[in-house]
Amino acid sequence: NAFTFREVIMNALYKYIRFWAYTIEILVFFVIERIPNLVPSVNHVKPMILVPVAVMIALFEGKNVGIVFGFIIGLFLDTSATGKIGFYSAVLACLGFLVGTAAQKIIKFNLITSVAFVIAFTTAFYFAHFIFEYLFRGYQDAIYALFNHYLIGMLYTVMLSPFIYFFNKAF
């Protein structure tokens, strides 16, 4: 089946609009995450809303777009947390690649599989963060930090994933 010129143009236009919508989504959720007391905290822990956003974009768009948007989201998180490019950029770009590759080859999209992917990759993200930013730096009370900060943050973040799924599905 050959595409008509109109179909090719319309597909390119839809992709362009979706990418701008993702960019706006990232900016909005980044601002929401950073405004003090806007998102309630649980045990002084807030969710990382942009992690499931990166997972959902990679699920819907594939590995190449997942890498790009994962890296962009990582840049936002890196510069707001540390002021330099590093952990978040690398991990979220890799996460975008892995999720996008799996999405293209393995799964059928629906709420349950998408949330399962968010759970799996958000868990991997939080444990990678815990290992690289906590254990490797030699901080004390690792078990306390794991249970009272990382696991709470991970669960809180995962709980938001159905909302983010439906938000991105609209695009």
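This text goes with the structure placed above it.
Residues numbered from 1 in each chain as written. Predicted model: local features only at pLDDT ≥ 70, side-chain atom pairs only at ≥ 80, totals over all residues. Heavy atoms only, no water.

Trainee: What am I meant to see in unusual backbone geometry here?
Mentor: Where the residue is not glycine, phi is negative for most of them; where a peptide bond is considered, it is trans in most cases. A positive phi angle, near 65 degrees, is found at N37, a position not held by glycine. Tracing the backbone shows N37 in the loop between α1 (5–34) and α2 (50–61). One non-glycine residue, H44, lies in the positive phi region at around 65 degrees. Assignment of secondary structure puts H44 in the loop between α1 and α2. Looking at H44, the relative accessible area reads 75%, which means it is exposed. (Helix = DSSP H or I, 4+ residues; strand = E, 2+ residues; numbered from the N terminus. Buried < 20%, exposed > 50% of the residue type's maximum accessible area, 1.4 Å probe, protein only.)

Trainee: Looking at this structure, how should I read the nonpolar core?
Mentor: The biggest cluster of nonpolar side chains holds 46 residues, and the ones touching the most others in it are V53 and F125. Sorting the residues of this core by element identifies α1, α2, α3 (63–81), α4 (87–105), α5 (111–135), α6 (142–159) and α7 (161–169) as the ones contributing at least two each. Here the element with the most residues in this core is α2; it accounts for nine residues. Excluding residues that lie within four positions of it along the chain, V53 makes contacts with E25, I26, F29, I73, I164 and N168. (Core = buried A, V, L, I, M, F, W, Y, C linked by side-chain atoms within 4.5 Å. Contact = heavy atoms within 4.5 Å.)

Trainee: Would you take a moment to explain the packing of aromatic side chains for this structure?
Mentor: Within a pair of aromatic rings, the relevant descriptors are the distance that separates the centres and the angle that separates the planes. Tallying each qualifying case throughout the model produces 20 aromatic pairs. A ring pair is formed by F30 and F76, whose centres lie 5.0 Å apart and whose planes are at 45 degrees; its orientation type is tilted. Taken together, the positions of F30 in helix α1 and F76 in helix α3 put the pair 46 residues apart, joining distant regions of the chain. Taking the relative accessible area as the measure of exposure, F30 reaches 15% and is therefore buried. Measuring from ring centre to ring centre gives 5.1 Å for Y165 and F166, while their planes differ by 75 degrees; the resulting arrangement is edge-to-face. A relative accessible area of 4% means that Y165 is categorised as buried. Linked through ring pairs, F87, Y88, F125, Y126, F132 and F136 together constitute an aromatic cluster. (Phe/Tyr/Trp six-rings, centres within 6.5 Å; stacked < 30°, edge-to-face > 60°.)

Trainee: Quick question: what am I supposed to make of the layout of surface pockets here?
Mentor: Regions of empty space are outlined by a rolling probe, equal in size to a water molecule, passed over the atoms. Size it by volume and the largest pocket reaches roughly 320 Å³. If you go around the largest pocket, you meet 19 residues; those closest to its centre are E33, R34, K46, P47 and M48. Secondary-structure elements contributing two or more residues to the lining of the largest pocket are α1, α3, α5 and α6. (1 Å grid on protein atoms, 1.4 Å probe; cavity = no way out; pocket = protein on both sides within 12 Å on 5 of 7 lines; lining within 4 Å. Points joined across faces, edges and corners; volume = space filled by probe spheres on them.)

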